Amino acid sequence: MAEKLDIPEEFQSSLIPELLTDDTTIQFNCHPGVSCFNICCKAADVTLAPYDILRLKKRLGMTSSEFLDKHTVPFEADGQGTPGIKLRTDDNKTCLFVREEGCSVYEDRPAACRYYGLGLLSHRAEGSSDDVQYYFRNKEAHCQGWNSEQAITVRDYRQQQGVPEYDEINREWMQLMLKKKSAGPAIGKPDPLSFQLYFMASFDIDRFRRFVESPAFAKVYIVGDEINAALQDDVALQKFAFRLLRQVLFDEQTIPTHANVLEKRWEERKDIIELRHNAAVELHLKKAEEERQAALESGADKGNDLCGSDNCSI
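Predicted model only: the values in this text are computed from it and were never measured.

What counts and how
- Residues numbered from 1 in each chain as written.
- Predicted model: local features only at pLDDT ≥ 70, side-chain atom pairs only at ≥ 80, totals over all residues.
- Heavy atoms only, no water.
- Helix = DSSP H or I, 4+ residues; strand = E, 2+ residues; numbered from the N terminus.
- Buried < 20%, exposed > 50% of the residue type's maximum accessible area, 1.4 Å probe, protein only.
- Contact = heavy atoms within 4.5 Å.
- Areas by Shrake-Rupley, 256 points an atom, 1.4 Å probe, with all protein chains shown as cover.
- Expected span 1.5 Å × (residues − 1).
- Polar contact = N/O pair within 3.5 Å; in protein donor to acceptor, adjacent residues only side chain to side chain.
- Core = buried A, V, L, I, M, F, W, Y, C linked by side-chain atoms within 4.5 Å.
- Axes fitted to C-alpha atoms, helices over the stretch in contact; angles between N-to-C directions.
- Parallel < 35°, antiparallel > 145°, perpendicular 65-115°, else oblique.
- Left-handed = near helix turned anticlockwise from the far one by under 90°.
- Nonpolar A, V, L, I, M, F, W, Y, C, P; charged D, E, K, R; others polar.
- Phe/Tyr/Trp six-rings, centres within 6.5 Å; stacked < 30°, edge-to-face > 60°.
- Lys NZ or Arg CZ within 6 Å of the ring centre and 35° of its normal.
- Salt bridge = Lys/Arg side-chain N within 4 Å of Asp/Glu carboxyl O.
- Pairing = 2+ DSSP bridges.

**Overview of the overall build of the chain**
Counting its secondary structure elements, the chain contains 12 helices and 10 strands. Scored against the burial criterion, the 314 residues of the chain give a buried share of 36%. Within the chain, contacts between residues separated by at least 24 positions form 68% of all contacts whose residues are at least 6 apart in sequence. Just so you have it, the chain exposes about 19,100 Å², and 52% of that area is on carbon and sulfur atoms.

Structure below.
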């Protein structure tokens, strides 16, 4: 049974307002013989998740940093400035990987491309610690795949498209996003350094590896066999990155730290933190004074507009 829900107005042209489960039967089939083949790739707007990058950078023989620089563009994923990335397109919005015969990286295409025809929604009810995955139909006007007579369950379609492997890894990241969204302003709006860690741990796995291997990391965290093993495998390291984000952003203590390390770092940095705080206060006061002076000058100008050479009336 498909569960009804409200879809935002701007999406109503293509998204069908219902929630589908793994057992829902759909009639959809995209293949090279369909008349609209490749059209969706020529109007591409593909948001990337962490495992997408692991697969694509390996496919292209690049580091994650090289892939990000050459094949992605950044965007803000929410109103709090959380960084996200999308696949770069050409000036006509065409995916750089599409060819007339189809996708040139098909075996390693992103999860969003694999899901095409459907969309994935991760939802966590208020007061619950667990999220639930639902799916929804995305019926774009040009898409003829929905005119297919092939009947298939969502579960089998996902299996056919190789989605479960992507979802298994990306889901941990989606849970982080959900928790961040529901955590409230104190936790939900990290400082710029936290955003930098978030971006690196989510999208730039090779740079994250160098960070974990650095002396600065070892000063804070106890680097044991588990971390050393994770450094040898991108997927294991990606999962460790999610754990570190949970610890840094939400204080979920699963990675051991050296005794009193946070207190020591505070002592080492408190003078710098205090200077930054005083500088921020001084900047705020200076800005407030500038705004006050501007308001006074504006008021004086308005008064002068009412005054002639011999008198001033109000």
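**Considering helix α11 (residues 234-250)**
Residue pairs three or four apart in sequence face the same way in an α-helix, which turns once every 3.6 residues. Compared with the 24 Å implied by 1.5 Å per residue over 17 residues, the 24 Å span of α11 between its first and last C-alpha is a close match. Along α11, the residues classified as buried are L237, Q238, F240, A241, F242, L244, L245, R246, Q247, L249 and F250. Sitting at the head of α11, D233 places a side-chain oxygen 3.2 Å from the backbone nitrogen of V235. Of the residues trailing α11, D251 is marked for its positive phi of about 60 degrees.

**A short note on the nonpolar core**
F67, F208 and F240 are the most contacted members of the largest nonpolar core, which totals 45 residues. By residue number, the principal contributor to this core is α11, which donates 8 residues. Excluding residues that lie within four positions of it along the chain, F240 makes contacts with F208, V212, F217, I227, A230 and I255. Counting 13 residues, the second largest nonpolar core, distinct from the first, contains L118, Y135, C143 and V154.

**Comments concerning the packing of helix α8 (residues 205-213) against α11**
Remark: α8 packs on α11, axes separated minimally by 10 Å, with the N-to-C direction vectors making an angle of 70 degrees. Between α8 and α11, the crossing angle belongs to the class labelled roughly perpendicular. Where α8 crosses over α11, the handedness of that crossing is left-handed. Facing α8, whose interface residues are I205, D206, F208, R209, F211 and V212, α11 presents D234, L237, Q238, F240, A241 and L244. In the contact of α8 with α11, the residues fall into 8 nonpolar, 1 polar and 3 charged.

**Here's the deal with the packing of aromatic side chains**
Counted by the stated rule, this structure contains 12 aromatic pairs. The structure contains a cluster of three or more aromatic residues connected by ring pairs, namely F208, F211, F217, Y221 and F240. Positioned above the aromatic ring of F75, the side-chain terminus of K86 is 4.9 Å from the ring centre. Across from the ring centre of Y106, 3.7 Å away, lies the NZ or CZ of R109, which sits over that ring.

**Quick notes on unusual backbone geometry**
Outside of glycine, negative phi angles account for most residues, and trans bonds account for most peptide bonds. For N38, which is not a glycine, the phi torsion comes out positive at approximately 85 degrees. The topology assignment puts N38 in the loop between β3 (25-27) and α1 (50-60). Non-glycine residue D251 carries a positive phi angle of around 60 degrees. Within the element layout of this structure, D251 appears in the loop between α11 and α12 (261-305).

**Let's talk about the pattern of salt bridges**
For the structure on display, the rule yields 18 salt bridges. As a salt-bridge pair, K239 and E168 come within 3.2 Å of each other at their nearest N and O atoms. In this pair, K239 is assigned in helix α11 and E168 in helix α5 (residues 163-182), connecting sequence segments 71 residues apart. Among the residues examined, K239 registers a relative accessible area of 27% and is labelled partly exposed. One network of salt bridges, in which partners are shared, links R55, R59, E107, D108 and E165.

**Considerations on the pairing of strand β5 (residues 83-87)**
Taking burial as the measure, the 5 residues of β5 include 4 buried ones, the bulk of the element. Both strand β4 (residues 72-76) and β5 contribute to a ladder of 5 bridges, which runs antiparallel. Its bridge partner lying in β5, P74 is registered against I85. Between β4 and β5, which pair antiparallel and follow one another directly, the connecting turn spans 6 residues, one of which, G81, has a positive phi of 85 degrees.

**A word on the environment of P83**
Inspection of the secondary structure puts P83 in strand β5. Ignoring any residue separated from it by four or fewer positions in sequence, one finds P83 in contact with F75, F195, Y198, F199 and F203.

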